[in-house]
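If you want the building blocks of each chain, they are given just below.
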Amino acid sequence: MSDLQQTLDRIAGAPDLHSLDAVRVEALGKSGWVTALLKTLGGMTPDERQQRGPEIQGIRNAVSDAIAARKEQLEAQELDRRLATERLDLSLPAPTRPAGTIHPVSQVMDELAEIFADLGFAVAEGPEIEDDWHNFTALNMPESHPARAMHDTFYCEPLDGEPARVLRTHTSPVQIRAMMKHGAPLRVIAPGRVYRSDSDATHTPMFHQVEGLVIDKAIHMGHLKWTLETFLKAFFERDDVAIRMRPSYFPFTEPSAEVDVGWSMEKGRRVVGGQEGWMEVLGSGMVHPSVLAAAGLDPDEWQGFAFGTGIDRLAMLKYGMNDLRQFFDGDIRWLKHYGFSALAVPTLSAGVGA
Ligand code: DAH
């Protein structure tokens, strides 16, 4: 039997891909016999090559065609075997995917939006890189105003011909933007990030505030007080939340009031509710006529009230956390403990670990 016939027989009889490959190496591999035949072509005279060439190429093609055909057969057999024997057990439990949690700041922002939506407020937004005019001047803090110094501002490198920009030091500039965009009457809250050059256990260079603004006709401080009381009761989920307003000063409100909330000790912890003591939670007041005018509203026609507070602080008070810096450390263990389920319906009562 010729070498070729023997090789073709072994290919046809190869029981699996592994033995088929062994035959391939013996024939077509580096030191295979077909390879050796092909090499002899190099030493032949042109006449010999013309004579023997087609025959040798024919052997090579016959072998590689036979291997390809047998390979296809064996693969089809293997697939049939797997289809016949392998089963997917759909009743096996699926591996669980790790679920993320909602950061307390996001949770509180959702709660604020929910509470104020019930009171007819929309959510307004503004840029975090804010121009000096919206952040200060329009809010009645002209360039020389001492209140600017209280804000520990991060200034941005000015670009040629552009207005001076700062990282907004509060959410109050959104008041101006909302009034200029929507006019009056208006009811908005503006939650978001703010920046000040400050860092200790109760201050971080970036933190969160929420601003509230109501513009309408015949608005007075009674409306402000009712709104804040209603908001704080809903937010802390207690009817015994008491508030106290103290005269204060903000350049953008007149009169201005700081708002304290009553606290009491429960199980060794200070909680909001009752009146054992007071702590400050909000700044507020009636919108200053100059602010209304700067935003294009006629102060003789429209009045309004505004308030602002720290979202991180509200979260700390409600959910009993004591170090503000941990909010922004990105420690997954902290988030696992204080985070909120991403799957629970976001209601006010979805408390810690819900
Ligand atoms: N913008 C003030 C701050 O960052 C907070 C504030 C006080 C906002 C009184 C107000 C307000 O809207 O009426 O300290």
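As the structure is a prediction and not an experimental result, all values here were calculated from the model.

Peer 1: Any chance you could explain the pattern of salt bridges here in plain terms?
Peer 2: Counted according to the given criterion, the structure contains 21 salt bridges. A salt bridge links Arg52 to Glu55; the shortest N-O distance between them is 2.9 Å. Placement of both Arg52 and Glu55 in helix H4 (residues 46-85) is noted, with a separation of three residues, approximately one turn of the helix. In this structure, Lys217 engages Glu301 in a salt bridge whose closest nitrogen and oxygen atoms are separated by 3.3 Å. Residue Lys217 is found in the loop between strand E6 (206-216) and helix H9 (221-236), and its partner Glu301 is found in the loop between helix H10 (289-294) and strand E11 (303-310); the two are separated by 84 residues along the sequence.

Peer 1: What am I meant to see in the packing of aromatic side chains here?
Peer 2: When we look at a pair of aromatic rings, we describe it by the centre distance and by the angle of the planes. If you walk through the whole model with that rule in mind, you get 11 aromatic pairs. Each ring, one from Phe327 and one from Phe328, has its centre 6.0 Å from the other, and the planes form 55 degrees; the classification is tilted. Using a relative accessible area of 3% as the deciding quantity, one classes Phe327 as buried. A relative accessible area of 30% places Phe328 in the partly exposed class. Aromatic side chains Trp334 and Tyr338 sit 5.2 Å apart centroid to centroid with 45 degrees between the ring planes, which places their arrangement in the tilted category. With Trp334 and Tyr338 both in helix H12 (residues 332-338) and four residues apart, the pair spans about one turn of that helix. Each member of the pair, Trp334 as well as Tyr338, carries the same accessibility label: buried. If you follow Lys217 out to its NZ or CZ, it ends over the ring of Trp302, 4.7 Å from the centre. Cation over ring: Lys318 sits above Phe235, and NZ or CZ is 4.7 Å from the ring centre.

Peer 1: Mind showing me how you'd approach the side chain of Asn135 here?
Peer 2: Tracing the chain through its elements places Asn135 in helix H6 (residues 132-135). Judged by its relative accessible area of 0%, Asn135 is buried. When sequence neighbours within four positions are dropped, the list of residues in contact with Asn135 reads Glu130, Met141, Val166, Arg168, Thr169, His170 and Pro173.

Parameters and conventions
Residues numbered from 1 in each chain as written. Predicted model: local features only at pLDDT ≥ 70, side-chain atom pairs only at ≥ 80, totals over all residues. Heavy atoms only, no water. Salt bridge = Lys/Arg side-chain N within 4 Å of Asp/Glu carboxyl O. Helix = DSSP H or I, 4+ residues; strand = E, 2+ residues; numbered from the N terminus. Phe/Tyr/Trp six-rings, centres within 6.5 Å; stacked < 30°, edge-to-face > 60°. Buried < 20%, exposed > 50% of the residue type's maximum accessible area, 1.4 Å probe, protein only. Lys NZ or Arg CZ within 6 Å of the ring centre and 35° of its normal. Contact = heavy atoms within 4.5 Å.

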